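Fold and contact review
Residue-level listing of the chains:
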Amino acid sequence: MKVPVSWLLDYVKITATPEEIAEKLTFAGIELEGMERIGGAYSGLVVGEVRAVEPHPNADKLRVCRVFDGKDEVQVVCGAPNVEAGGRYPFAPVGAMLDNGSFKIKKAKLRGVESFGMLCSASELGISDDHDGLMVLDPEYTAGTPMDTVLGPPETVLELEVTPNRPDCLSMIGIARELAGIYGVPLEMPAVDLQETDIPVTDHASVSVDDTEGCGRYTARVVRDIAIRPSPSWMQRRLELSGIRAINNIVDITNYVMLECGHPLHAFDKALLKDSTVIVRRAAANESMKTLDDIDRELQSDTLVIADAEGPVALAGIMGGAGSEIRDDTKDVLLESARFDPDLIRATARRLGLSTESSYRFERGVDPETVEWASRRAASLLASLADGKICRGVIDVYPNPPNVRQVSCRFDRTRDLLGADIPDENIIAILSSLGLKPQEISGGACVLEIPSYRGDLEREVDLIEEVARRFGLDNIPSAPVAARINVDADDTPWRHREDLRGEMTALGLQEITTYSLVPEGLLNLFFGPGEEGRIALPRPVTMDQSILRTSLVPQMVETLGRNRSRQTEDAALYEMGRVYRRNQDGSSTETIRLAAGVMGVPGGNSIRTREPVTAAGMYGRIKGLWEKLAERRPGLTWTLRPCEAPWFEPGHAAEIESGGAVVARFGVIASGIRKEWRLQDPVAVLDADADVLASSGRAMPRYQALPTYPSVTRDLAMITGHDVRHEDILEIIRANSPDELETVELFDVFAGKGIPEGRKSMAYSLTYRAAGRTLTDDETNGYLTSVMDALRNVLHADIRDR
Amino acid sequence: MNIQDIEQEKQQALAGIAAAADEKAVEELRIRYLGRNGLLQDIMKGIKDVPNDQKKEYGQRANSFKTEVLDAVNARKETLAAAGGQTGAGIDLTLPGAWPSLGTRHPISALIDRAVGIFRSIGFTVAEGPDIEDAFHNFDALNTPESHPSRNPADTFYLEDGTLLRTHTSPVQIRYMETHKPPVRIIAPGRCYRRDTPDATHSASFHQLEGLYVAENVSLAELKGDMEFFVRRLMGREDIRIRLRPHFFPFTEPSVEVDYSCHVCGGEGCRVCKHSGWIEIGGAGMVDPNVFKAVGYDPEKVTGYAFGMGVERMAMILYGIPDIRLLYENDVRFLRQFR
């Protein structure tokens, strides 16, 4: 909310600077969002009187005006739609400066017509954003009056953030009331002097509230014989500084009073209300109306409207109707001041996508007790600024005035909750300074009467918050820190995952974090358009983030690709995060996955590693990563089998089964997918169930005695068929060896020169050890012979002679 | 050969050995000085020409020549062997090493771990909740009425079945209290979602760190003290002060915003704190009694504080990252900066 400081100070007499005021308000919970200094630099600008307006010979939208600047009459070309003969507007003659001196007005030729100066809008003077037309000045001003005189001294405007719980602060008086409490000075309400005529209002209007739930209070006044003209420039200026465009004295007065006291008002042209009747009701189905902004609005049966005898004339609390608005020839005004139900206004405003200054306030709740004051205040201004004659009395439909609320506040509770030692008297004093009236003090508590404008104060804790705010949060001490352990709390799964991240980092991988919302195309690339269980956002902000990811793999490959396109040749990355799936029964599942991706040769810039990147090599790396993870989990039993998922390169991927479930997949990404990111060399990824990895096989380690006798190692080389697998060989070696066989290690695989076509050479190191003695050569040779025999028999291996 | 000669020869021998470029050169020197026909033999033979009163000293000098030169030869050989036993000038010690790679943590998860660690040290444990939430846990139980602007579909991602992507980590408070009796002392990191158009400081998904402490007689002063402790540990500066500003959140009352005195300038004003001396770290407050009622706690028996902080925002301030999107691009040249 924009608050011109000079306006604010009408209601609270303090001498603080705008900065001090802003600081006080911020620490009272009304935060300063910005501060703007406006005006004071209208060098050379004067009031210009437009004496004649002629069409421009060469342009439809331009007009040629004769402008009197107090001394001379000059010709000025003007593009504003609202320029009129007889009007007075800010005028910048040749030589005047605009934009605080950065822009000098010069003689110009516009479409062939000479122009000696410029008529200005409020935005050109830097006092509002309104550049729809010229700033209309009070005709009282004589031509040539300096604009500094018209607009007054420079102004500071505070931009304040009023939180949703404080609708009472959405006005100058509301903010002033806060300041009055803070500074301990009285709030000075403007005097309302209502000069009524003898004709009773009931002679000129009638009101019927059909929906008392939607409208808790409705008042109507009638002001007759008003004179429509621009409002005085002080009022225009205040409105513009507050971000509202000045229109005419009637509309401006309603807006002015709204900004002043926070209560929205509406003025109807009484002549346009059929039978001078106002009915507050819900719209009938299929009713519609045109609002002030010239849009036809379809109404629903829950829409609260103001209607006359014929039909809706206003969207209650949101916007008036085009059919009953104040016109240039309006004579009699029906002034509405009412309280509408916040939920109803909000629902309609939201449905219509229409938020106005009025709806904003009604949605948050206005004070029912201010309704009548606002009406009187506006009526008195209509009399003084629009020559109106006020009918006697007010129609006030107020069937159920709320009871005065009383709330009790316990002193000990206040001190305990805040952790501050605030004496009883201070608590009472603070609450009193906010306009709460202490009724009864007993038993360590105080019962207070809540003023009607503080609808937010309903419970004790609301009062304690007020005490905290006013006492000053800075005055609340910092309690000494104490560690308090909750023995029942257990976050083991999180800690295990934290450890797993640490493990991945220790293995030399770099952690990444990607968005959990992904584009559909990315998922389709890997899993096809038919993937089941995807959760799509009905209304994404961008299509790039429209589906909750079902896997970490696509973004892992995308990240590798992005890095490759930025000339990074090698990377080893991991991510741990959630994936999301819709289940058959409509529920959703979030599981935590661990993904890793490798690209290039590790330490690619090293002088030792200029080896080509092969699919087999990349498979080996990602499998190696899995083996390291598995090695750390001796309790995890798993088997490996080929994985045929289409996003993997055929024959270059494996899946790991454990406990009847696939817990991990890894392999080389299919070349068709790699092409998407121009990843020419193979890249490999791992995708694993993070919770299984994090939690499995973490039993307490048990010490095993270190061997005391030496081991004996024997090498064994053989030539086998190309399709014989390493695991098959291992199995045969183990099955044909005694317990003394400690380890078997593959140390060479070779095919090519010297090896027959379709065969390969495999070389193993077998290490034997006995528990209580040193093995003899004969023993080990014997073990080896049985292994060799088995290999020859089962695999038809040629064992190479040593 | 007299005593001075021995001394001179010894110095020359030691200097030569120390400068020997490789093992072969050292061996040549050893033979020259200590070999069968080496200088030592000459020295030993020379003792017969030395006057009797000097024989003893001559003998000692000869002996020290032998031991010192031998020691020098052995020491030089060892040094050369350690340098790789290479010939010539040895290896280029400055060639790049061969360790494959250095693992790094992502700034977001690293910061979460750090923060969690600090809170753990004063007895908090981690709690988690789903990203896909229902309106009850995300709003209703958190005292956020139907009318509150944050429930607007323009701000919140609603899914087709009426569930939603949580807009904050606060629903974890509800889920935890629903299933645990007080006292409660939890820290809940996680992803949140809001319908923000992505730009340098906004992201439709981001991380928050939520804290909740509920017990008998928890006070706002404790919130202040614990926040102070946390920020001091996080920034590694013991002179950091905490400032609370009144604010409004539906689920806390009183509600505050938490600022801390700038960790860079100490509150003097600098670019990091936009010359205000203060940096906002999050929102907090005392748990609203309606929240306790929603989970079946008695607000007359327990009180509590809660806080929430934006992790990306914190990371950006802490590391000087100008654009939130950098955190999600995962350029390894970026990641490498966070070791």
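This report concerns the structure included in the present document. (Residues numbered from 1 in each chain as written. Chains lettered and ligands numbered in written order. Predicted model: local features only at pLDDT ≥ 70, side-chain atom pairs only at ≥ 80, totals over all residues. Heavy atoms only, no water.)

Broken down by element type, chain B carries 12 helices and nine strands. A globule of 339 residues ought to have a C-alpha radius of gyration of about 20 Å, yet chain B, at 37 Å, is considerably larger. Referenced to the eigenvectors of the C-alpha coordinate spread, the extents of chain B come out at roughly 115 × 45 × 40 Å. By residue count, 53% of the 339 residues in chain B fall in the buried class. Of all intrachain contacts in chain B linking residues separated by at least 6 positions in sequence, the fraction that spans at least 24 positions is 66%. For chain B, the exposed surface amounts to about 15,100 Å²; the carbon and sulfur share of it is 51%. Averaged over its 40 positive side-chain charges, chain B has a centre that lies 6 Å from the centre of its 47 negative ones. (Helix = DSSP H or I, 4+ residues; strand = E, 2+ residues; numbered from the N terminus. Rg over C-alpha atoms; globule rule 2.2 N^0.38 Å. Buried < 20%, exposed > 50% of the residue type's maximum accessible area, 1.4 Å probe, protein only. Contact = heavy atoms within 4.5 Å. Areas by Shrake-Rupley, 256 points an atom, 1.4 Å probe, with all protein chains shown as cover. Lys, Arg positive; Asp, Glu negative; His and termini not counted. Charge placed at Lys NZ, Arg CZ, Asp CG, Glu CD.)

Residue proline 183 of chain B follows proline 182 of chain B across a cis peptide bond; omega there is 5°. For proline 183 of chain B, the location among the structural elements is in the loop between helix H7 (171–179) and strand E4 (184–193). Residue proline 254 of chain B is reached from glutamate 253 of chain B by a cis peptide bond, and omega for that bond is -5°. You can see proline 254 of chain B is positioned in strand E7 (residues 252–261). A positive phi angle, near 50°, is found at arginine 111 of chain A, a position not held by glycine. The phi dihedral of histidine 796 of chain A is positive, around 55°, even though this residue is not glycine.

The subject of this paragraph is the sheet that holds strand E40 (residues 741–750) of chain A. Sheets are built from strands that pair by backbone hydrogen bonding, the pairs being arranged parallel or antiparallel. Residue and element names in this part refer to chain A. The strand order across the open sheet built from four strands is E40-E41-E39-E42, with neighbouring strands paired in antiparallel fashion. Two strands close off the open sheet at either side, each with one partner strand: E40 and strand E42 (798–799). Taken together, the 10 bridges between strand E39 (residues 712–721) and strand E41 (residues 759–768) define a ladder with antiparallel strand orientation. Pairing of alanine 717 across the sheet is with alanine 763, part of E41. Across the face of the sheet, helix H19 (residues 726–735) comes into contact with E39, E40 and E41 while running at roughly 40° to E41. In the packing of helix H20 (residues 777–795) onto the sheet, contacts are made with E39, E41 and E42, and the angle to E39 comes to roughly 15°. (Pairing = 2+ DSSP bridges. Axes fitted to C-alpha atoms, helices over the stretch in contact; angles between N-to-C directions.)

Per the stated rule, a full pass over the model turns up 88 salt bridges over all chains. For aspartate 691 of chain A, the salt bridge is made with arginine 497 of chain A, and the minimal N-O distance between the two is 3.2 Å. Taken together, the residues aspartate 691 of chain A in helix H18 (residues 690–695) and arginine 497 of chain A in helix H13 (residues 492–506) connect sequence positions 194 residues apart. When the shortest N-O distance is used, the salt bridge between arginine 333 of chain B and aspartate 331 of chain B registers 2.6 Å. For aspartate 331 of chain B, a relative accessible area of 8% gives the class buried. Linked through salt bridges whose partners overlap, the residues forming this network are Arg166, Asp168, Glu178, Arg454, Asp456, Glu466, Arg469 and Arg470 of chain A. (Salt bridge = Lys/Arg side-chain N within 4 Å of Asp/Glu carboxyl O.)

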